[in-house]
Amino acid sequence: MRKVIGIGETVLDIIFKNGQPIGAVPGGSVFNGVISLGRAGVPAAFISEAGNDRVGDHIISFMRENGVNADNVGKFPDSKSPISLAFLDADGNADYLFYKDHPHDQLDFVYPDIQADDIVMFGSFYAVNPVIRPQVMGFLDYARSHGAILYYDVNFRPSHRNDMMKVTPNVLENLEMADIVRGSREDFQVMFRKDDPDRVYNAEISFYCKKFIFTRGAEPVELRADGGLKKSYPVIATDTVSTIGAGDNFNAGFVYGMIKYGIDRGAIERGLSEEQWDNVIHCAQLFSANCCKSISNSIDQEFGQQMKQALNQRNS
């Protein structure tokens, strides 16, 4: 089976409701999606760093328990694990405080085996951070030269608003490298002061990448793609406990759908049919809706087993 390789940060998310902590969960934007893919039976690996501390040990164990290869997660002698505080409101939406020393980020890893049609997931500030940019860009080049499909989640937080000028060249390089780009309304408000999917696509994305997904919380998902394809997808109604990881799991479900429905590099280069887009976006929405039912950042084990069985039946 094809495999998925994620590259991104690891953090410990401490989740608060009504001013009190209600849970602590390993997290990170690409990390959350890769954990869900591991639970859904997709061969997955992760490239990152973890703190040389109890939290770092816990995060690496958590990955392995969920079927994710952690061989390329480095630990450096004096490093501490980053912490994120997430404060949930009455609707399950989160405000964040991040405790991370970005100027001291390090990334040292051996390139994993990558075959044609494997999928690489990358995004958030990690994918544009100037400190580790040479290593990230080198890996993306390597993956692309080996025929991998690159899925880029912009995920640009308001906390990095003042970094935008400095990292714009890296954002544009990522858009150019990517086969598929997803971003949220909040990302593009921060980055470009635009919140309309057509304006974002036409002015900022389409020159670099023709396949674009625009998400905006509980409002419909917007697709813009080659051939002038333009479509809206209503969001699946769910009893939301927490929206932490909703976008990350949308990504995971989309990538799962690409594997389930056999969407390879050839299909991407030809341009996906409307039916293919419908299938993968449906998977994306299922993963995202399931994640919102708990504070766990990823799909639950039971749903993961269902997705694993569906994948095995499709491939048998």
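Sequence order as written defines the numbering, with residues in each chain counted from 1. The model is predicted, so local features are restricted to residues of pLDDT at least 70 and side-chain atom pairs to those at 80 or more, both for listing and for counting; the totals for chains, interfaces and linings are taken over all residues. The side-chain quantities take in all heavy atoms of the structure and omit both hydrogens and water.

## Notes on the pattern of salt bridges
For side chains of opposite charge, pairing can occur when their charged atoms come near one another. By definition here, a salt bridge exists when the distance from a side-chain nitrogen of Lys or Arg to a carboxyl oxygen of Asp or Glu is within 4 Å. Using the criterion set out here, one finds 19 salt bridges in the structure. In this structure, arginine 64 and aspartate 71 form a salt bridge, with 3.5 Å as the shortest nitrogen-oxygen distance. Aspartate 278 is paired through a salt bridge with lysine 231; the nearest N and O atoms lie 2.9 Å apart. Highlighted residues: aspartate 278 in helix H9 (residues 274-291) and lysine 231 in strand E13 (residues 229-233), separated in sequence by 47 residues. Per-residue accessibility, obtained with a 1.4 Å probe over protein chains only, is compared with the maximum for each type, and a residue is labelled buried under 20%, exposed over 50%, and partly exposed between these values. Since its relative accessible area comes to 21%, lysine 231 is described here as partly exposed. Counted as one network, the salt bridges with shared partners bring together Arg185, Asp198, Arg216, Glu219, Glu222, Arg224 and Lys230. Helix and strand definitions here come from DSSP, where helices need a minimum of 4 consecutive H or I residues and strands a minimum of 2 consecutive E residues; each element is numbered from the N-terminal end.

## Looking at helix H4 (residues 164-177)
Given a rise of 1.5 Å per residue, 14 residues ought to cover 20 Å, and the 19 Å separating the end C-alpha atoms of H4 matches this to within 8%. Two axes enter the bend calculation: one fitted to the seven residues ending at the residue in question, the other to the seven starting there, and the bend is the angle between them. The largest bend along H4 measures about 30° and falls at asparagine 170. Residues of H4 that are buried include every one of Met164, Val167, Asn170, Val171, Asn174, Leu175 and Met177, and no others. Buried residues along H4 sit in contact with strand E8 (119-123), helix H3 (133-145), strand E9 (149-153), strand E10 (180-184), helix H5 (185-192) and helix H6 (197-205). Multiplying 1.5 Å by the helix residue count minus one yields the expected span of that helix. We call two residues contacting when some pair of their heavy atoms lies within 4.5 Å.

## As for the environment of asparagine 18
The residue asparagine 18 is located in the loop between strand E2 (11-17) and strand E3 (20-27) in this model. We classify asparagine 18 as exposed; its relative accessible area is 76%. Taking C-alpha positions, asparagine 18 is 8.1 Å from phenylalanine 87, a pair spaced 69 residues apart along the chain.

## Topic: a nonpolar patch on the surface
Exposure above 30% relative accessible area and no salt bridge define the residues that can form patches, which grow by joining like charges within 9 Å and nonpolar side chains of Val, Leu, Ile, Met, Phe, Trp and Tyr within 5 Å. With residues, only the protein chains shown are counted as cover, and all accessible areas are computed by Shrake-Rupley using a 1.4 Å probe. There is a patch of nonpolar side chains on the surface, built from Phe87, Leu97 and Tyr99 and spanning about 290 Å² of accessible area. Counting through the fold element by element, tyrosine 99 comes out in strand E7 (residues 94-99).

## Brief notes about the nonpolar core
Among soluble globular proteins, nonpolar side chains are generally buried collectively. By nonpolar core is meant a set of buried Ala, Val, Leu, Ile, Met, Phe, Trp, Tyr and Cys residues that side-chain atoms within 4.5 Å join together. Counting residues in hydrophobic clusters, the biggest one holds 51 residues, and the most contacted among them are Met63, Phe254, Tyr256, Met258 and Trp277. For this core, the leading source of residues is helix H7 (residues 246-260), giving seven residues. The residues touching tryptophan 277, leaving out its near neighbours within four places in the chain, are Lys211, Ile213, Leu223, Ala225, Leu229, Tyr233, Phe254 and Leu272. Listed in part, the 40 residues of the second largest apolar core include Ala127, Phe156, Met191 and Cys209.

## A few points about the pairing of E9
With five of its five residues buried, E9 lies for the most part within the structure. Note: two strands are recorded as paired if DSSP finds a minimum of 2 bridges between them. Sheet analysis places E8 next to E9, joined by five bridges and oriented parallel. If you follow methionine 121 over to E9, its bridge partner there is tyrosine 151. The sheet contact formed by E9 and E10 spans three bridges and is parallel. Of the residues in E10, the one forming a bridge with tyrosine 152 is valine 181. Looking down the strands as they point away from you, a crossover is right-handed if its path from the first strand over the helix to the second goes clockwise. Crossover handedness for the path E9 to H4 to E10: right-handed.

## Side note on the packing of aromatic side chains
Each aromatic ring pair is described using two quantities: the centre-to-centre distance and the angle formed by the ring planes. Ring pairs shown here join Phe, Tyr and Trp side chains whose ring centres sit within 6.5 Å, with only the six-membered ring taken for Trp; geometry is labelled stacked below 30 degrees between planes, edge-to-face above 60, and tilted in between. Applying the stated criterion across every chain yields a total of 17 aromatic pairs. Each residue in the set Phe188, Phe192, Tyr201, Phe212 and Phe214 is aromatic and connected to the rest through ring pairs, giving one cluster. One residue, arginine 157, lies across the ring of tyrosine 96, its end atom 4.6 Å from the ring centre. Consider the ring centre and the ring normal. A charge sits over the ring if Lys NZ or Arg CZ is within 6 Å of that centre and within 35 degrees of that normal.

## Observations concerning the pairing of strand E11 (residues 212-216)
Within E11, five of the five residues are buried, which leaves it mostly tucked inside the rest of the structure. Two strands pair when backbone bridges link them, and E11 and strand E12 (residues 219-225) are joined in this way by four bridges, in the antiparallel orientation. Paired with phenylalanine 212 across the strands is arginine 224, a residue of E12. The hairpin turn running from E11 into E12, its antiparallel successor, is two residues long, and glycine 217 in that turn takes a positive phi close to 60°.

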